[in-house]
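If you want the building blocks of each chain, they are given just below.
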Amino acid sequence: TRPRCSRAATEGAAAGEEAPFPTDEEHHGQVLRLVEQGDWGELLGADQLAASRAAGEAFVGFEEGPIAFAPTFKVERSSELVYQQKRIPSYCDRVLWKSAAGLRGAVSQTSLAALPRVSTSDHKPVVATFSLTPSEALRGTMQEVRSGGSRGSRGSSRKSSLFGNVSSSFAAGSASFTGSRAYASLDVVRPTVRIRGLSASELVDMDYTGGCDPYCVVSANPYELLYCAAHEHVLKKGEAAASTVKHGQDCTWPDDEVPLLRLRGVRTAALPHTTLLLAVLDKDNVILGKDDPVGVVQVPLRPVGWSQDSDLPPSFEVEFDEPLVQGMASTDLKSGRPLGRLRGTLSIATTAEAIEEALAEARADGAGEKARTVKLGASAFERRWRCC
């Protein structure tokens, strides 16, 4: 970052008057005077990183604590704070952090300070401390699911894990489960997640001639949480893709084209610590062309206002209306336009009775009947979106 101060800020230009832009020498002197005055707010008002974050160009979803110290670059290698004349003093050393969707309150910064007496480079280091509230443990998740929870496997520990205990055979009375395994543990259920009113708006131009051919891919974090299902029948494992809407920057997917999701047998207490990932891609109609990612939205599977001390209700809804994010940006860096927004409502059932009611309603409404599935490995999804 490079604070850029106008002469009006330091030399009292008349109200409404545009002061001439300072030379580098004047600029350096203005910044030094603000440093001597301890006017961190004025300096940070011209911070490039803060401006980029506000514009959605970088570090979207990250947090930063209040800065109350002098710029840390570019300095002489000295135990004193001496700035080099050839560069404008700047806040180039930062501490930002990002929490999983729905867990921002679990991390709080308790201190942030620079260490001006350290003299090992032309930067002064910055140090921060944090207070963390642990979430539900997810130990052994991947191995336990892949092994089916067999006693001889490394991942079959009965310690707290996302999926609970997995039986290698059908459980009694599990007629609604049609896969190769069923879940016998009493604290394990297979919640339903129904996505209603899924729509995208203000999508950035992705095609050479303008416009976008969007389709939506659904995954989860952790990846193995998701099965795709139509009513009680388990479909092909993998992300579920709604059908493509041709040449429309604003689009709505009919509910019968959006998959009805069934989660793997999940301990109810662990469900609020999981996340649904909804990614929008642009269909490339060029032969041998690749579909281009537009952005992704992360939605925690928990009620609004849920806390660690409260139980999940039998059923609840989660509304979302979020900007699409690709990497760490919500803005297309070429055009400067936002990538777009994705909105909808998740209807989630968590108990046996609520799940039966949700499945009956979905069957009556024809939810997900025209949905299709695609096979995309977890590692490929993580490489493409870098959000897991």
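The rules we used
Positions within a chain are numbered from 1, following the residues in the order the chain's sequence is written. Local features in this predicted model are restricted to residues whose pLDDT is 70 or higher, and side-chain atom pairs enter the listing and the counts only when it is 80 or higher, whereas totals over whole chains, interfaces and linings include all residues. Note: side-chain values were computed over all heavy atoms of the structure, leaving out hydrogens and water. Confidence scores here are pLDDT values: one per residue, from the predictor, ranging 0 to 100. Residues are treated as being in contact if the distance between any of their heavy atoms lies within 4.5 Å. We call a set of buried Ala, Val, Leu, Ile, Met, Phe, Trp, Tyr and Cys residues a nonpolar core when their side-chain atoms join them within 4.5 Å. Note on exposure labels: buried denotes an accessible area under 20% of the residue type's maximum, exposed denotes more than 50%, and partly exposed covers the range between, all computed with a 1.4 Å probe on protein chains only. For the purposes of this entry, the term helix denotes a DSSP run of H or I that reaches at least four residues, the term strand denotes a run of E that reaches at least two, and both are numbered from the N terminus. Both site types are read off a 1 Å grid over the protein atoms alone. A 1.4 Å probe that fits but cannot get out defines a cavity, while an open set with protein on both sides within 12 Å along at least five of seven lines defines a pocket; lining residues have an atom within 4 Å of a point. Grid points are joined across faces, edges and corners, and a volume is the space filled by probe spheres set on the points. We call Asp, Glu, Lys and Arg charged. Ala, Val, Leu, Ile, Met, Phe, Trp, Tyr, Cys and Pro are nonpolar, and the rest, Gly among them, are polar. The salt bridge criterion pairs a side-chain nitrogen of Lys or Arg with a carboxyl oxygen of Asp or Glu, the two atoms within 4 Å.

Thoughts on the confidence of the model for the chain
Phase 1 of the analysis: With 69% of its residues at a pLDDT of 70 or more, the chain has an overall mean of 75.
Phase 2 of the analysis: Under a pLDDT of 50 for its full length, residues 139-186 has, in the predicted model, 91 contacts with residues more than four places off or in other chains.
Phase 3 of the analysis: Note that pLDDT drops below 50 for residues 228-239; the model gives that stretch 49 contacts with residues more than four away or on any other chain.

Considerations on the nonpolar core
Generally speaking, a soluble globular protein has its nonpolar side chains buried in company with each other.
Phase 1 of the analysis: With 36 residues, the main nonpolar core has Ile195, Leu198, Leu276, Leu278, Leu342 and Leu346 as its most contacted residues.
Phase 2 of the analysis: Elements supplying a minimum of two residues to this core: β6 (192-201), β7 (214-221), β12 (260-263), β14 (275-282), β15 (292-300), β16 (315-323) and β17 (341-349).
Phase 3 of the analysis: Considering every element that reaches this core, the biggest residue donor is β6, with four residues.
Phase 4 of the analysis: With sequence-adjacent residues up to four places away left out, Leu278 is seen in contact with Ile195, Leu198, Cys216, Val217, Val218, Gly295, Val296, Val297, Val299, Phe320 and Leu342.

A word on the layout of surface pockets
Phase 1 of the analysis: When its volume is computed, the largest pocket comes out at roughly 800 Å³.
Phase 2 of the analysis: Lining of the largest pocket is provided by 30 residues; of these, Gly61, Lys98, Ser99, Ala101 and Gln298 occupy positions nearest its centre.
Phase 3 of the analysis: Of all the secondary-structure elements, those providing two or more residues to the lining of the largest pocket are β15 and β16.
Phase 4 of the analysis: Looking at side-chain class alone, the lining of the largest pocket contains 17 nonpolar, six polar and seven charged residues.

Some points on the pattern of salt bridges
Phase 1 of the analysis: Evaluated as defined, the whole model comprises eleven salt bridges.
Phase 2 of the analysis: For the salt bridge of Arg94 with Glu64, the shortest nitrogen-to-oxygen distance reads 2.7 Å. With Arg94 in the loop between β1 (63-64) and β2 (96-97) and Glu64 in strand β1, this pair connects stretches of sequence that are 30 residues apart.
Phase 3 of the analysis: Given the relative accessible area of 18%, Arg94 is considered buried.
Phase 4 of the analysis: Residue Lys370 is joined to Asp256 by a salt bridge in which the shortest nitrogen-to-oxygen separation is 3.7 Å. Of the two residues, Lys370 is situated in the loop between α6 (352-365) and β18 (372-373) and Asp256 in the loop between β11 (251-252) and β12; the sequence distance between them amounts to 114 residues.
Phase 5 of the analysis: Accessibility expressed as a relative area gives 22% for Asp256, which makes it partly exposed.
Phase 6 of the analysis: A network of salt bridges, in which partner residues are shared, links Asp47, Arg53, Glu64 and Arg94.

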